[in-house]
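# Residue-level structure breakdown
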Amino acid sequence: MDESLTAALVAALLAGLGGLLVPRLVARVPEPAQTASDVPDDEPPKTAYAVIAARPGLGLRSALASAVAGGLLGAATGLGWPLLWLVPLVPVAVALSVIDWHTRLLPRVIVVPATLAAILVVGVVGLATDQREALVRALVAMVVARSFFWVLWFVRSAGMGFGDVRLAAPVGLVLGWAGWGELAVGLWAGFLLFAVPALAVIVARRDRSLLKRSFPFGPFMVGGALVGLVWGTAIAGRVWG
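Residues numbered from 1 in each chain as written. Predicted model: local features only at pLDDT ≥ 70, side-chain atom pairs only at ≥ 80, totals over all residues. Heavy atoms only, no water.

## Details of the overall build of the chain
Helix and strand content of the chain: 11 helices and zero strands. In sequence order, the secondary structure elements of the chain are arranged as α-α-α-α-α-α-α-α-α-α-α. With 241 residues in all, the chain has 43% of them scored as buried. Total accessible area on the chain is roughly 13,100 Å²; 68% of this is exposed by carbon and sulfur atoms. (Helix = DSSP H or I, 4+ residues; strand = E, 2+ residues; numbered from the N terminus. Buried < 20%, exposed > 50% of the residue type's maximum accessible area, 1.4 Å probe, protein only. Areas by Shrake-Rupley, 256 points an atom, 1.4 Å probe, with all protein chains shown as cover.)

## Side note on the environment of Ile119
Its location among the elements puts Ile119 in helix H7 (residues 108–128). Ignoring any residue separated from it by four or fewer positions in sequence, one finds Ile119 in contact with Leu139, Met142 and Leu173. (Contact = heavy atoms within 4.5 Å.)

## Focus on unusual backbone geometry
Across residues other than glycine, the phi torsion is negative in most instances, and most of the peptide bonds are trans. Notably, Arg104 is not glycine yet its phi reads approximately 60°, a positive angle. Turning to its location among the elements, Arg104 is positioned in the loop between helix H6 (89–103) and H7. The exposure class of Arg104 is partly exposed, given its relative accessible area of 30%. The phi dihedral of Asp130 falls on the positive side, at around 60°, and the residue is not glycine. Structurally, the position occupied by Asp130 is in the loop between H7 and helix H8 (132–155). Using a relative accessible area of 56% as the deciding quantity, one classes Asp130 as exposed.

## Overview of the pattern of salt bridges
Tallied over the entire structure, the rule returns two salt bridges. With its nearest N and O atoms 2.7 Å apart, the salt bridge here joins Glu31 to Lys46. Highlighted residues: Glu31 in the loop between helix H2 (22–27) and helix H3 (49–53) and Lys46 in the loop between H2 and H3, separated in sequence by 15 residues. Look at Glu31 and you get partly exposed, because its relative accessible area is 43%. Ionic pairing is found between Asp130 and Arg132, a salt bridge with its closest N-O pair at 2.2 Å. According to the relative accessible area criterion, Arg132 is partly exposed, its value standing at 46%. (Salt bridge = Lys/Arg side-chain N within 4 Å of Asp/Glu carboxyl O.)

## With respect to the side chain of Glu182
If you trace the backbone, Glu182 turns up in helix H10 (residues 180–205). No salt bridge forms around the buried Glu182; measuring N to O, its nearest opposite-charge neighbour Arg137 is 6.7 Å away. Leave out the neighbours within four places in its chain, and Glu182 touches Leu175, Gly228, Gly232 and Thr233. (Lys, Arg positive; Asp, Glu negative; His and termini not counted.)

## Structural notes on the packing of helix H1 (residues 3–19) against helix H4 (residues 58–77)
Contact pair H1 / H4: the axes reach a minimum separation of 6 Å and the direction vectors enclose 155°. Viewed along their axes, H1 and H4 adopt a mutual orientation that is roughly antiparallel. Crossing handedness for the pair H1 and H4: right-handed. Residue-level inspection shows Ser4, Ala7, Ala8, Ala11, Ala12, Ala15, Gly16 and Gly19 of H1 in contact with H4, the latter providing Gly59, Ser62, Ala63, Ser66, Ala67, Gly70, Gly71, Gly74 and Ala75. Grouping the constituent residues of the contact of H1 with H4 by class yields eight nonpolar, nine polar and no charged. (Axes fitted to C-alpha atoms, helices over the stretch in contact; angles between N-to-C directions. Parallel < 35°, antiparallel > 145°, perpendicular 65-115°, else oblique. Left-handed = near helix turned anticlockwise from the far one by under 90°. Nonpolar A, V, L, I, M, F, W, Y, C, P; charged D, E, K, R; others polar.)

## So, the packing of H6 against helix H11 (residues 218–240)
At a closest axis distance of 8 Å, the pairing of H6 and H11 adopts a crossing angle of 150°. Classified by the angle between their axes, H6 and H11 sit roughly antiparallel to one another. Along the contact surface, H6 presents Ala93, Ser97, Asp100 and Trp101, while H11 presents Gly218, Pro219, Phe220 and Val222. Split by residue class, the contact of H6 with H11 holds five nonpolar, two polar and one charged.

Here you go:
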């Protein structure tokens, strides 16, 4: 069996099994301290995490999404270290996407530990395999991506939550490990995946007030990161090659 196919199947299986645990992870997130005054008048109250976790079929849908993403990553990276540290991040990314989609929040209790764990594993892998250049690039890319999103949040905090700033750190880390081209493509793809359907909805509804509303950006950041990791090398080669 071809090595890339083997890696894809193994990664899909492992990520899919992790995806089955997404409802449990979502249910364990503590509710934020929020009062009625924290919710804008034109927006509904936040959906409880327990309610989201109890949605019928969430575990199977999360497992399917995780398996597809894991399979793509496995096929792109092959057997080896990336399979061990990228795949466990997939179900976490799916859980964050689910939460953000329903609540427009990216819980710190998930993002920060996941970021610290990713930094630790990338550091160990980089030193163990003598890939110090990739390690330094990943850490620098993490700072660059988080700083870039912090500037966007600082300029227009009404359109971007600080959870997106936090999520930019692990996204930048994994993309930076792959390369600078992958980082650029991954971040750009996230904005493109978000902007195209959002503009389509605004045009279809002919409602410019939607431009002032906040929308979940986390799922599109995750999708962009997947694009960067899987197709970033090819795209970057065509654009900047």
